[in-house]
Structure formats: structure tokens, C-alpha cells
Amino acid sequence: MGGPRRTADHYSKKARAERYPARSIYKLEEIDKRVRLLKPGFKVLDLGAAPGSWTLYASQKVGPSGRVVAVDRAALTVGTPPNTVYVQADALAIDPAALLAAAGVKGGFDAVISDMAPRTSGHRFVDQSRSFELFCRAVAIAAELCRPGGSFVGKIFQGEEFETARGKVRELFEECRVVRPASVRSESYEIYLVGLRRK
């Protein structure tokens, strides 16, 4: 027996109708519209990709000439489009150089995006700390693999370490924006930090 089931809201129903595996698609879509994150031909690294909504959206945006590398310990629940490579691995342990090799990408990624989140425990401080750890790992991977001028998106649970997380993005990127998409559930304390123009 699990906890109470969430009722399907507007975004959940829309995701099903549009054949996306999760409502998280609309978070990335809003961020993309705000900052013009993804363009045709871009090479994108998607961390914490399962079940695959962000991967599908990114693959459509970058088109046949682009490439998306999706990384997650869990398998994707969607088929991978022709311009997508799926790497089943733990983002906390994988060698960033291996991602470039697996993808056949040279010169780095145009965008590193991360929707990674811990399995929530119900203890807010614990969940925030675990989220911060995942966020920092995403930033570290972006530091190695995001090309100059490239972008970063990372999810984090707001908490005491939020300003430290924002500082890490500011160190690497010329601009850092804080975005809370409209599709984030009202009770959630997740937020996204967006880094633009990799130094």
C-alpha cells in the first residue's frame, strides 16, 4: 500500500493526450520558450532522463541533425528516436568522457539538462540535501561537457543550500536564471536553475 494517489491534473491529462510518459515535459517546454534553450542541430545531454519526456521533447526540437544523449539508471519507457542515444548508467558514477564517446559528440554539448531528483523520504531536509547532491553532480558534468556558449538546466529542491547551488551556476555561466514553471505542482518545492552562455 502506497501513499494517497494524486488525481490527474490538467498537465497529466495533456501529457497522456500528447503521448508523453510524464507531465514533466511541460516544465522543459516552458523553460525552452523562456530562454530559447534548444535549437535544430544542437547536441543535448539529458541527465535523469527516465521515463523519457524530456528526451522526446529535446529530440523533436534539435531535429534530425541534432543529437540527444539520455542518461538514467532506469530504462526509458519510450522508444528512442533515431537522433537519440540512451546510456543506462548512474549519473553520480559515470565518467563524463564516456558520455561524449558513447554519443559520438565532439566539442561538447550545446545544452546539459537535468531533471534528476531523489526518491523522496518525507523528510524535507533529507530530500533537499539529496537533491543538492544530484544538482551539484549535474553542474560538475556540465562543467566538463558543456561547450563555451552552451546552456544548463538543473532541478533542485529549495532549501538552505539553494544559494550555494545558484553560486555554482554563476561560476560557470554568464547568466543564471531561476525558473519555477507553471506546471510544477503547487505543493512542490522544486525549482530550476538555468545557466546561459557557458564561460
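Residues numbered from 1 in each chain as written. Predicted model: local features only at pLDDT ≥ 70, side-chain atom pairs only at ≥ 80, totals over all residues. Heavy atoms only, no water.

Enquirer: Please clarify how helix α4 (residues 96-103) should be interpreted in this entry.
Expert: Counting along an α-helix, one turn takes 3.6 residues, and residues three or four places apart therefore face a common direction. Buried residues of α4: Pro 96, Leu 99 and Ala 103, and no others. What you see down the axis of α4 is that its buried residues fit within an arc of 50°, all on one side. Contacts from the buried residues of α4 go to β1 (43-47), β2 (67-72), β3 (84-88), β4 (109-114) and α5 (124-145). Looking one or two residues past α4, Gly 104 carries a phi angle of roughly 65°, positive in sign. (Buried < 20%, exposed > 50% of the residue type's maximum accessible area, 1.4 Å probe, protein only. Helix = DSSP H or I, 4+ residues; strand = E, 2+ residues; numbered from the N terminus. Arc of directions from axis to C-beta. Contact = heavy atoms within 4.5 Å.)

Enquirer: So what exactly am I meant to see when it comes to the packing of aromatic side chains here?
Expert: In this description, an aromatic ring pair is defined by two values, namely the gap between the centres and the angle between the planes. One pass over the structure, following the stated rule, counts four aromatic pairs. Aromatic pair Phe 157 and Tyr 189: ring centres 5.3 Å apart, planes at 65°, arrangement edge-to-face. With Phe 157 in strand β5 (residues 146-157) and Tyr 189 in the loop between β6 (173-179) and β7 (190-198), the pair connects residues that are 32 residues apart, well separated along the chain. You can call Phe 157 buried: its relative accessible area is 9%. Here a set of aromatic residues connected by ring pairs shows up, and it is made of Phe 135, Phe 152 and Phe 173. One residue, Arg 124, lies across the ring of Tyr 189, its end atom 4.0 Å from the ring centre. (Phe/Tyr/Trp six-rings, centres within 6.5 Å; stacked < 30°, edge-to-face > 60°. Lys NZ or Arg CZ within 6 Å of the ring centre and 35° of its normal.)

Enquirer: Any chance you could explain the sheet that holds β4 here in plain terms?
Expert: By way of backbone hydrogen bonds, the strands of a sheet pair with one another, either parallel or antiparallel. What the seven strands build is an open sheet, ordered β3-β2-β1-β4-β5-β7-β6; its pairing is mixed. The strands lining the two open edges of the sheet, one partner per strand, are β3 and β6. The mean angle between the axes of side-by-side strands here comes to 15°, regardless of whether they run parallel or antiparallel. Two elements, β2 and β3, share five bridges in a ladder whose sense is parallel. Of the residues in β3, the one forming a bridge with Ala 70 is Tyr 86. Against the sheet, helix α2 (residues 25-35) touches β4, β5, β6 and β7, its axis set at about 35° to β7. (Pairing = 2+ DSSP bridges. Axes fitted to C-alpha atoms, helices over the stretch in contact; angles between N-to-C directions.)

Enquirer: Teacher, can you tell me more about the nonpolar core here?
Expert: Side chains of nonpolar character tend, in soluble globular proteins, to be buried together. Counting 35 residues, the largest nonpolar core has Leu 45, Leu 47 and Phe 152 as its most contacted members. The leading source of residues in this core is α5, at nine residues. With residues near it in sequence (within four places) discarded, Leu 47 still touches Val 71, Ala 91, Val 112, Ile 113, Ser 114, Asp 115, Met 116, Ala 138 and Ile 141. Listed in part, the 28 residues of the second largest apolar core include Tyr 20, Leu 37, Val 153 and Leu 196. (Core = buried A, V, L, I, M, F, W, Y, C linked by side-chain atoms within 4.5 Å.)

These values are about where atoms sit, not about what they do.
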